There are 8 protein chains.
Amino acid sequence: MRRVGFPEVVLAEGKTSSQIVEICRQLARAHDVLVTRLPAERWEELTAAGPLPGRAHYDDRSRTLHLSVGKPMPKVEGTVAIVTAGTADTLVAEEARRTLEYLGVFSATVPDVGVAGVLRLLSRLEEIEAADVVIAAAGMEASLFSVVAGPVGQPLIAVPTSAGYGAALSGLASLLSAINSCANGVTAVNIDSGYAAAMAAYRILSGGPRRWDRKEPVSKPRASTPTKRRSASTAKRNARS
Amino acid sequence: MRRVGFPEVVLAEGKTSSQIVEICRQLARAHDVLVTRLPAERWEELTAAGPLPGRAHYDDRSRTLHLSVGKPMPKVEGTVAIVTAGTADTLVAEEARRTLEYLGVFSATVPDVGVAGVLRLLSRLEEIEAADVVIAAAGMEASLFSVVAGPVGQPLIAVPTSAGYGAALSGLASLLSAINSCANGVTAVNIDSGYAAAMAAYRILSGGPRRWDRKEPVSKPRASTPTKRRSASTAKRNARS
Amino acid sequence: MRRVGFPEVVLAEGKTSSQIVEICRQLARAHDVLVTRLPAERWEELTAAGPLPGRAHYDDRSRTLHLSVGKPMPKVEGTVAIVTAGTADTLVAEEARRTLEYLGVFSATVPDVGVAGVLRLLSRLEEIEAADVVIAAAGMEASLFSVVAGPVGQPLIAVPTSAGYGAALSGLASLLSAINSCANGVTAVNIDSGYAAAMAAYRILSGGPRRWDRKEPVSKPRASTPTKRRSASTAKRNARS
Amino acid sequence: MRRVGFPEVVLAEGKTSSQIVEICRQLARAHDVLVTRLPAERWEELTAAGPLPGRAHYDDRSRTLHLSVGKPMPKVEGTVAIVTAGTADTLVAEEARRTLEYLGVFSATVPDVGVAGVLRLLSRLEEIEAADVVIAAAGMEASLFSVVAGPVGQPLIAVPTSAGYGAALSGLASLLSAINSCANGVTAVNIDSGYAAAMAAYRILSGGPRRWDRKEPVSKPRASTPTKRRSASTAKRNARS
Amino acid sequence: MRRVGFPEVVLAEGKTSSQIVEICRQLARAHDVLVTRLPAERWEELTAAGPLPGRAHYDDRSRTLHLSVGKPMPKVEGTVAIVTAGTADTLVAEEARRTLEYLGVFSATVPDVGVAGVLRLLSRLEEIEAADVVIAAAGMEASLFSVVAGPVGQPLIAVPTSAGYGAALSGLASLLSAINSCANGVTAVNIDSGYAAAMAAYRILSGGPRRWDRKEPVSKPRASTPTKRRSASTAKRNARS
Amino acid sequence: MRRVGFPEVVLAEGKTSSQIVEICRQLARAHDVLVTRLPAERWEELTAAGPLPGRAHYDDRSRTLHLSVGKPMPKVEGTVAIVTAGTADTLVAEEARRTLEYLGVFSATVPDVGVAGVLRLLSRLEEIEAADVVIAAAGMEASLFSVVAGPVGQPLIAVPTSAGYGAALSGLASLLSAINSCANGVTAVNIDSGYAAAMAAYRILSGGPRRWDRKEPVSKPRASTPTKRRSASTAKRNARS
Amino acid sequence: MRRVGFPEVVLAEGKTSSQIVEICRQLARAHDVLVTRLPAERWEELTAAGPLPGRAHYDDRSRTLHLSVGKPMPKVEGTVAIVTAGTADTLVAEEARRTLEYLGVFSATVPDVGVAGVLRLLSRLEEIEAADVVIAAAGMEASLFSVVAGPVGQPLIAVPTSAGYGAALSGLASLLSAINSCANGVTAVNIDSGYAAAMAAYRILSGGPRRWDRKEPVSKPRASTPTKRRSASTAKRNARS
Amino acid sequence: MRRVGFPEVVLAEGKTSSQIVEICRQLARAHDVLVTRLPAERWEELTAAGPLPGRAHYDDRSRTLHLSVGKPMPKVEGTVAIVTAGTADTLVAEEARRTLEYLGVFSATVPDVGVAGVLRLLSRLEEIEAADVVIAAAGMEASLFSVVAGPVGQPLIAVPTSAGYGAALSGLASLLSAINSCANGVTAVNIDSGYAAAMAAYRILSGGPRRWDRKEPVSKPRASTPTKRRSASTAKRNARS
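Residues numbered from 1 in each chain as written. Chains lettered and ligands numbered in written order. Predicted model: local features only at pLDDT ≥ 70, side-chain atom pairs only at ≥ 80, totals over all residues. Heavy atoms only, no water.

Undergrad: Just to check I follow, could you spell out the packing of helix H3 (residues 90-103) of chain C against helix H7 (residues 194-205) of chain C for this structure?
TA: Packed helices, taken two at a time, are described by the angle between their axes plus the distance between the axes. All names here are of chain C. Between H3 and H7, whose axes approach to 7 Å, the crossing angle comes to 40°. Taken together, the axes of H3 and H7 lie oblique to each other. In this structure, H3 meets H7 at a crossing whose hand is right-handed. On H7, the residues touching Val 92, Glu 95, Ala 96, Thr 99, Leu 100 and Leu 103 of H3 are Gly 194, Tyr 195, Ala 198, Met 199, Ala 201 and Tyr 202. In the contact of H3 with H7, the residues fall into 9 nonpolar, 2 polar and 1 charged. (Axes fitted to C-alpha atoms, helices over the stretch in contact; angles between N-to-C directions. Helix = DSSP H or I, 4+ residues; strand = E, 2+ residues; numbered from the N terminus. Parallel < 35°, antiparallel > 145°, perpendicular 65-115°, else oblique. Left-handed = near helix turned anticlockwise from the far one by under 90°. Contact = heavy atoms within 4.5 Å. Nonpolar A, V, L, I, M, F, W, Y, C, P; charged D, E, K, R; others polar.)

Undergrad: Would you mind showing me how to read the side chain of E:Ser62 here?
TA: Residue and element names in this part refer to chain E. Position of Ser 62 relative to the elements: it lies in the loop between strand E3 (55-59) and strand E4 (64-68). In terms of polar contacts, Ser 62 uses its side chain to reach the side chain of Asp 59, at 2.5 Å. A distance of 2.7 Å separates polar atoms of two side chains, one belonging to Ser 62 and the other to Thr 64. In this structure Ser 62 touches Leu 91, Glu 94, Glu 95 and Arg 98, once residues within four positions along its chain are discounted. (Polar contact = N/O pair within 3.5 Å; in protein donor to acceptor, adjacent residues only side chain to side chain.)

Undergrad: Help me out: how do you make sense of the sheet that holds strand E3 (residues 55-59) of chain C in this one?
TA: Hydrogen bonding along the main chain pairs the strands of a sheet, whether they run parallel or antiparallel. All names here are of chain C. Strand order in the open sheet formed by 4 strands is E1-E2-E4-E3, and the pairing between neighbours is mixed. At either end of the open sheet lies a strand with only one pairing partner, and these are strand E1 (10-11) and E3. Pairing of E1 with strand E2 (residues 33-36) involves 2 bridges; the strand directions are parallel. Pairing of Val 10 across the sheet is with Val 35, part of E2. (Pairing = 2+ DSSP bridges.)

Undergrad: Can you walk me through the sheet that holds strand E1 (residues 10-11) of chain A in this structure?
TA: Residue and element names in this part refer to chain A. The mixed open sheet is built from 4 strands, whose spatial order is E1-E2-E4-E3. Every interior strand has two partners, whereas the edge strands, E1 and strand E3 (55-59), have only one. The sheet strands contacting helix H1 (residues 17-28) are E1, strand E2 (33-36) and strand E4 (64-68), and the helix crosses E2 at an angle near 150°. Helix H3 (residues 90-103) rests against E2, E3 and E4 of the sheet, and its axis sits at about 15° to E4.

Undergrad: In this structure, what is going on with the packing of aromatic side chains? I would like to understand it.
TA: We describe a pair of aromatic rings using the distance from one ring centre to the other and the angle between the two ring planes. What the rule picks out here adds up to 16 aromatic pairs over all chains. Relative to H:Tyr58, the ring of H:Trp43 lies with its centre 5.1 Å away and its plane at 15°, an arrangement referred to as stacked. Within this pair, whereas H:Trp43 is found in helix H2 (residues 40-49), its partner H:Tyr58 is found in strand E3 (residues 55-59), the two being separated by 15 residues in sequence. With a relative accessible area of 18%, H:Trp43 lands in the buried category. Under the relative-accessibility criterion, H:Tyr58 is labelled buried at 16%. Taking NZ or CZ as reference, A:Arg37 lies 3.5 Å from the ring centre of G:Tyr165, over its face. (Phe/Tyr/Trp six-rings, centres within 6.5 Å; stacked < 30°, edge-to-face > 60°. Buried < 20%, exposed > 50% of the residue type's maximum accessible area, 1.4 Å probe, protein only. Lys NZ or Arg CZ within 6 Å of the ring centre and 35° of its normal.)

Undergrad: Whenever I open this one, the pattern of salt bridges confuses me. Can you help?
TA: Opposite charge on two side chains lets them pair, provided their charged atoms get close. The tally for this structure, following the rule as stated, stands at 40 salt bridges over all chains. One salt bridge connects C:Arg97 with C:Glu101, and the closest N-O pair in it is separated by 3.3 Å. Of this pair, C:Arg97 and C:Glu101 both sit in helix H3, 4 residues apart, roughly one helical turn. Each of A:Arg61, A:Glu94, A:Arg97 and A:Glu101 takes part in salt bridges that share partners, so that together they form one network. (Salt bridge = Lys/Arg side-chain N within 4 Å of Asp/Glu carboxyl O.)

Undergrad: When you look at the confidence of the model for chain A in this model, what are you seeing that I'm missing?
TA: Residue and element names in this part refer to chain A. Overall, the prediction assigns chain A a mean pLDDT of 84, with 82% of residues at 70 or greater. Here residues 209-241 is a poorly scored stretch, pLDDT under 50, and it has 68 contacts once near neighbours within four places are set aside; other chains count. Both scores are available for the predicted complex, with the pTM at 0.90 and the ipTM at 0.86. (pLDDT = per-residue confidence, 0-100.)

Undergrad: Would you mind showing me how to read unusual backbone geometry here?
TA: Trans peptide bonds make up the majority, and among non-glycine residues the majority have a negative phi. For A:Ala142, which is not glycine, the phi torsion reads 50° and is therefore positive. Here A:Ala142 is to be found in the loop between strand E7 (133-138) and helix H5 (144-149). For A:Ala142, a relative accessible area of 3% corresponds to the buried category. Unlike most non-glycine residues, B:Arg37 shows phi in positive territory, near 55°. With respect to the helices, strands and loops of the structure, B:Arg37 is situated in the loop between strand E2 (33-36) and helix H2 (40-49).

Undergrad: It is not clear to me how the environment of H:Gly54 should be interpreted in this structure. Could you clarify?
TA: Residue and element names in this part refer to chain H. With respect to the helices and strands, Gly 54 occurs in the loop between H2 and E3. Between the C-alpha atom of Gly 54 and that of Lys 15, which follows or precedes it by 39 residues, the distance is 21 Å. Aside from chain neighbours lying at most four places away, what touches Gly 54 is Ser 68 and Val 69.

Undergrad: I tried to follow helix H1 (residues 17-28) of chain F on my own but got confused; where do I start?
TA: For an α-helix, 3.6 residues make a turn, and residues three or four places apart therefore share a direction. All names here are of chain F. Helix length check: H1 (12 residues) gives 16 Å between terminal C-alpha atoms against 16 Å at 1.5 Å per residue, within 8%. Restricting attention to buried positions, one finds in H1 the residues Ser 17, Ile 20, Val 21, Cys 24, Leu 27 and Ala 28. In an axial view of H1, the angular spread of the buried residues amounts to 135°, which keeps them on one side of the axis. The inward-facing, buried residues of H1 abut strand E1 (10-11), strand E2 (33-36), helix H2 (40-49) and strand E4 (64-68). (Expected span 1.5 Å × (residues − 1). Arc of directions from axis to C-beta.)

Undergrad: Teacher, can you tell me more about the state of the cysteines here?
TA: Cysteine pairs can be covalently joined through their sulfur atoms, and such a bond is termed a disulfide. Counted under the stated rule, the structure contains 0 disulfides over all chains. Residue F:Cys24 stays outside any disulfide, its sulfur separated by 19 Å from that of E:Cys182, the closest cysteine. Here F:Cys182 stays free of any disulfide, with the sulfur of H:Cys182 as its closest cysteine sulfur at 15 Å. (Disulfide = S-S within 2.5 Å.)

Undergrad: Can you walk me through helix H7 (residues 194-206) of chain D in this structure?
TA: Residues and elements named next belong to chain D. In this model, H7 (13 residues) spans 18 Å end to end at C-alpha, consistent with the 18 Å of a helix rising 1.5 Å per residue. Extensive coverage of H7 is indicated by the burial of 13 of its 13 residues. One or two steps after H7, the chain reaches Gly 207, where phi turns positive at roughly 65°.

Undergrad: Got a minute to help me understand the pairing of strand E2 (residues 33-36) of chain H in this structure?
TA: Each regular strand shows side chains that alternate between the opposite faces of the sheet. All names here are of chain H. Side chains Val 33 and Val 35 of E2 all project onto a buried face; the interleaved residues Leu 34 and Thr 36 project onto the opposite face, where all are buried too. Where the polypeptide runs from strand E1 (residues 10-11) across helix H1 (residues 17-28) and back to E2, its parallel neighbour, the crossover connection is right-handed. Across 3 bridges, the pairing between E2 and strand E4 (residues 64-68) is antiparallel. Looking across to E4, one finds that Val 35 is bridged to Leu 65. (Right-handed = clockwise from strand over helix to strand, strands pointing away.)

Undergrad: Whenever I open this one, the environment of A:Ala12 confuses me. Can you help?
TA: All names here are of chain A. On the secondary structure map, Ala 12 appears in the loop between E1 and H1. Residue class for Ala 12 comes out buried when judged on its relative accessible area of 0%. Through-space distance from the C-alpha of Ala 12 to that of Ile 157 is 24 Å; in sequence the pair is 145 residues apart. Ignoring anything within four residues of it in the chain, the contact list for Ala 12 reads Ile 20, Val 35, Thr 36, Arg 37, Leu 38 and Arg 42.

Undergrad: Sorry, what's going on with the side chain of A:Ser193 here?
TA: Relative to the helices and strands, A:Ser193 resides in the loop between strand E9 (187-188) and helix H7 (194-205). A distance of 3.1 Å separates a polar atom in the side chain of A:Ser193 from the backbone nitrogen of A:Ala196. Not counting chain neighbours up to four residues away, the residues in contact with A:Ser193 comprise A:Glu95, A:Val159 and G:Tyr165.

Undergrad: Just to check I follow, could you spell out the environment of F:Ala197 for this structure?
TA: Residue and element names in this part refer to chain F. In this fold, Ala 197 is placed in helix H7 (residues 194-206). Judged by relative accessible area, Ala 197 falls into the buried class, the value being 0%. When the C-alpha atoms of Ala 197 and Ala 163 are compared, they prove to be 17 Å apart, with 34 residues separating the residues in sequence. Those residues within four positions of Ala 197 in sequence are excluded, and the remaining contacts are Ile 135, Ile 157, Val 159 and Val 189.

Undergrad: I keep staring at the pairing of E7(A) and nothing clicks. Help me out?
TA: Residue and element names in this part refer to chain A. In terms of residue burial, E7 counts as a mostly covered element, since 6 of its 6 residues are buried. The pairing of strand E5 (residues 79-84) with E7 spans 5 bridges and is parallel. In the sheet register, Val 80 faces E7, and the bridge partner there is Val 133. The pairing of E7 with strand E8 (residues 156-160) spans 5 bridges and is classified as parallel. Looking at E8, one finds that Ala 136 is bridged to Ala 158.

Okay, here's the thing in structure tokens:
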């Protein structure tokens, strides 16, 4: 774990199975391990390449592998809403959800908020506004980003996806939609990177992870003592109690 | 006027003032003339270049010049709604409006349907649906196209505009949004081309202009006898009377 | 079926077989179902994934699946001509044809109107002009769009195809040809999207589908009572009788 | 002011002087007004176009105009560090600073953190980490984004600038650097948009502006009663007192 | 004059007036001189920069300067047809025409062969086919290239022009149309380069200029004794006599 | 065979095997048939799809199929030199060679004229200059085009190839090199299109095929009576005899 | 071996196995042979295609084949540091290392100098500065180039890699980072070309190979008598002794 | 002056005149100052903005300003040849020359080595090979890079220039030519950056500037005692004496 407190996550793409196994073993000494962009067929290769540390939980929808060695990341207060435009954005949303889970952040998925049906979107606004941070995943022309960011005031992280074909240019069209959004303060991460969106949300919710990793050693994660940030959702829950 | 019945419209860009004057004189023998993409400073040059046929009506917002020689295009039944996302799209919308006016088509402008405010859009839907064809002009990420095309069933012609900066890429981003729209059957014309959108709407409303120009000479426009197409708006008006 | 009256069509790309089966079952409660971009090998997977509703008619040229549950879309008056430049554009044209068929619209295909042979094109003009809307599909430099739109006055929807290689840039060159057409009022949809072209034609012919779906319940399609729009082709037929 | 609580800010680009004056007058009824991307020469035009509401404070480095009508935005707790790579990024940083000031957010500028001098960067880390949100503005290859995001755990909003020439492609190269950052959770806004970065920071710090604008009328801003969010910097200041 | 026999032509762009004068003086010792891409205002600068050799003939439509020192290029047998799509392509066509004139090649211009009017094109075919080489200049979607190359069997050199706007991408769209032409054997030169097209035609008609410049000194041009190549147009003229 | 005299050649790409067989049968009634871009595996499929007309000669290096039905194209006088930069350009050069052979044109290949070795190039100049037309095929930065076109005066047709990787952008870099060549009058065809280059050479050498196909029926090719054009190579051979 | 003294290296891509075997045999008469971009599966094909000259040493990480025929390249004084950003850049770094080894140049690899950890980089600076030339390989946003070039004064050759996804655009983003580096005098080679970087380093260290190949025949390489260039590392070693 | 020993050079672009004056004053305390990309009109503004330190030498061809305060950079042994393709590349070459002069490096310009005339190039090879490093500047298709790098073994730094038009894409075409060069070990810097090329040459010749700046204080430059590197040109000169 680096100085800033982010756990090191393993990107499977561009690495051999034996490299991945080796890296996982090293990281598992410090904390639970997450491997991303690991398709089902590579996961099978990996299991053949040598024993992995801890208990493995592979999820083929998000293409992620979670190795649990009993050292989870400390829970972070606050919640994330993951909004998708269509079924083809599910994989990316799942990568975000699994990464947040790994980082100790609670998230709720709000799927199929098809922009083509504005009324359908309005019926989900309450649900979206209940979260502290919003991740929106959309491909094609990705108007979802602007449509959600209009009425919603929370931080909105746009994940352009490669859903679509032809002039969708493998996600470049939706990336441009995110960057040019007429809605205030929309920010964007890389195409299909549910992972990067989750990390951006984590930066917001943890209030900067560098703080907690200075207070206590990494080997003793404060799973039960979440960060101090008093989030909107905390306030709300308190109000309810 | 060519065989298909479209009047020949003069694109000022790339032509000298004397070329424009000459072409206007030739065309004015057959029908009223429209000149597009003529900025105010060029309009002044033009007036100096020689006498123009008919009565000139120059409009600097749309950068168009209408030369009236008493031979207007025959009125076409049906109406067009021109929807814009923001103030910066006005010029393009005005070019569409003036071209439709010249073509004998009635249009109504529905400005500033900012996508960022979905509720504002919903309040204008009635107005938009009253038209037979919808032209939508938007720059930046141009989610307007998909948002309007979702609840509206009429033909929708998207005009990407060059409004925006940086990654808006002079309108390419909004063009990609139009082409990749997740809404059904959105069609697109060139960036900033209010003119092309008006022509596309004209094709739809006149039901193919080739028909009327065979029946009667162009020099006797049937201003009072619109084309036979029985449009929705006609039906409605009839119902009211 | 959404408020505007468009049936929901299933894009197979980016969805798993079980997701497709599930969506088809839901949609089949309301109306017949169309699945697009479903290659032959995926169609075989689908049949293995579970029973599909209704009678299935799979067509491998258009890569579409039509599930008939006895609730077809109401017939729409007016016809569409689907013009192609070459044999490589057939797949796209077939997708348009099958979608129109599903939407209750009659279409006629005018294949291989190679631009390289202008005379050949002229011999087909009569046939093209008999339709109310023209869909043109072409790849490479796609001059077909401008060449047909010149003498033909009907609405023309250009579908750029990915036919070609090298600098054809997977269809971007033909998309640019459509968008920059010097012919009046040509409109464009996404590369290879016969589906989008069909939907755009449907918007034009149905005069805005919102109208009929308000008058009678979707479960009782008016197959025998077409929409009220009095199209050019109707007029002609009447004139003949 | 829209429902979500963001004040409406005026983008001068693409609007005429009289349009700007008119919009300013309307907005000034509700709150102080900010006009962005208003170069010095246009500012002079504007003063000639008619009386503006309130006291005008024009700043030519940021090209922004602040019209103070005694209705400032409520103060928001938490601070922003605006880090720049070089002198050419100043304009963009100033736009961010002025926008934050207008939004009631305190910011501190950390200029010229040239990546070429890694040691120089390290000496500024303390200063950067003292803020709750980091905005980084850089052109050319923009390695600043990754270099700062490595050791710093706070939310980092990258603003690519158009500084550079040739293959800098007017800021596209730095935009790509932001989007592809190997550092965790970097997010990006449009090229040269200090404004968008400020808005994104505002979303994070205000915890979603929708909350406060429901509690009290906009015409009585709670300048003295900042939002409830208990930020890191608050904690720190408290600790110091 | 270089070994291959091409005269050296001066591209004014990117050179100072004094550099141009100096180069013209050097070249004028060997043969007449042509300067291209010299706008009217630069031509005025040039005349002020010092005395030019020979008699100057400046033409502002083609932006070329011809310096006649009594050493013209030898006449080349065969003719070139220069076909344009619209008025905006005139400048480029004129550059080709003036370059051919300078090279001793006869050319005839066939203007405004608008593709939108296929019939108009057919009426000009006879005229085009009378030439030995065809140069076609067109902007926007440039279908002219394929439409002419279809029925015409002569070598066809396509000059994409920057006429158009928005998605015309300053001529890239028409360049792609030339390169992807479905017509057989169309070749392309750089955007707006009437000069390059003329040189390509010269290569074809002179049968390789290296031959004649070996046989006789350049200072004695064989204006009256054209190259030996027996072209189609020669054959025709002979047949008539 | 179309009016202009070009035989119709079959592009296998984008067609099914049965479509190819059907087209070959039709064309074989008029003349010998050439099929291009037919990889070895597709050739095997084709033979299984049904009997092909005439004697088949498949060549896997050029991926072309020649079906000889005893009606070859008439011989054309003049020769073509096909120059390549490296081994990876062989496939493209072979496609050009086989197409020329089919068209009745003699060609000679000058391989591996690596630009990196200027001296090697100079030693091949004599050989290149002996031809009437030069086709140059090169990938990567493709300086071959300019280097050959410098000392050689014949028509030069550049075929950019997709040889190279990374920033070669699948041949776009070499296409740009061809289009921007500083050498006079270089013309370009599509990436990897040895076929288009051969057709362009054929246009030059046949002096426009429209002439001969009017004089005598295609079924009686004038193999022994070449076109009238008196080419350089003819002159040379005559001089030798 | 060409005149300049560079050995000819075989790029396997785009060549058939038999072509490669043939070229290797020819080159092996003059010197040891290196084959690059030869994946493991092609290496197996190659061994089946016929006997290769000398002793073969295939390395699958770098995808290179070294054929040793007892005529190695002469040793070159000076060393190269090969720095990589991450595990995914290893393949490219290995290609550089193997090529340098073949060229007689000593290199040391400094892997995983992740920019995200600036402190980690600083700890490796000493190691990097000990070399005479630095090769840096990085993908994604590739800030490694600027970060290393800042404090290091040696020649720095940047090799952009295709590591990354989405907006990494197969290495174009990292290429742009190299070209736009704000650090002084960074130079770039093609994406993923460890080979080109090694050759560029060889040019620097050998002081221009043309010199030695004039003094003695290539068939007697001066393995034991390195080039005369007195490099920094020599100076250092001498100083130590 | 930074730790690595490079002097800080001022890029005028993107800075105000007063910012430039201020920076020059600060830098002039340590060493002579160079300002780049300062067009003539801006130079005049600068002189009005306040007194500059030292003696000013402005050069309008290279657009550079050299402020001499008696603290020149130490002389570096070895020479650079600056080769250009045409007159339009002069500006860039001059920027390189002036920067090298400022850095204490001797350079010689070899202009107009037009690739179109290969023979002309060969006559200059001797001159080019006499240098230790070669900088080549070329626009358009830039084959100069490969043509020079073929026979020349020294390090070659390619500077793509924006000379050309249309598909030259403001220098991107020549940048691609540099990056894709088939010649071994060509490296590239940014478009039009004579400055970057000079800095890259300086890195090579000074053997890494970090060494000398550790040995003696910057305030006492060793103008008369050049760095120790024993270059080829030194050897040659010695041999001659």
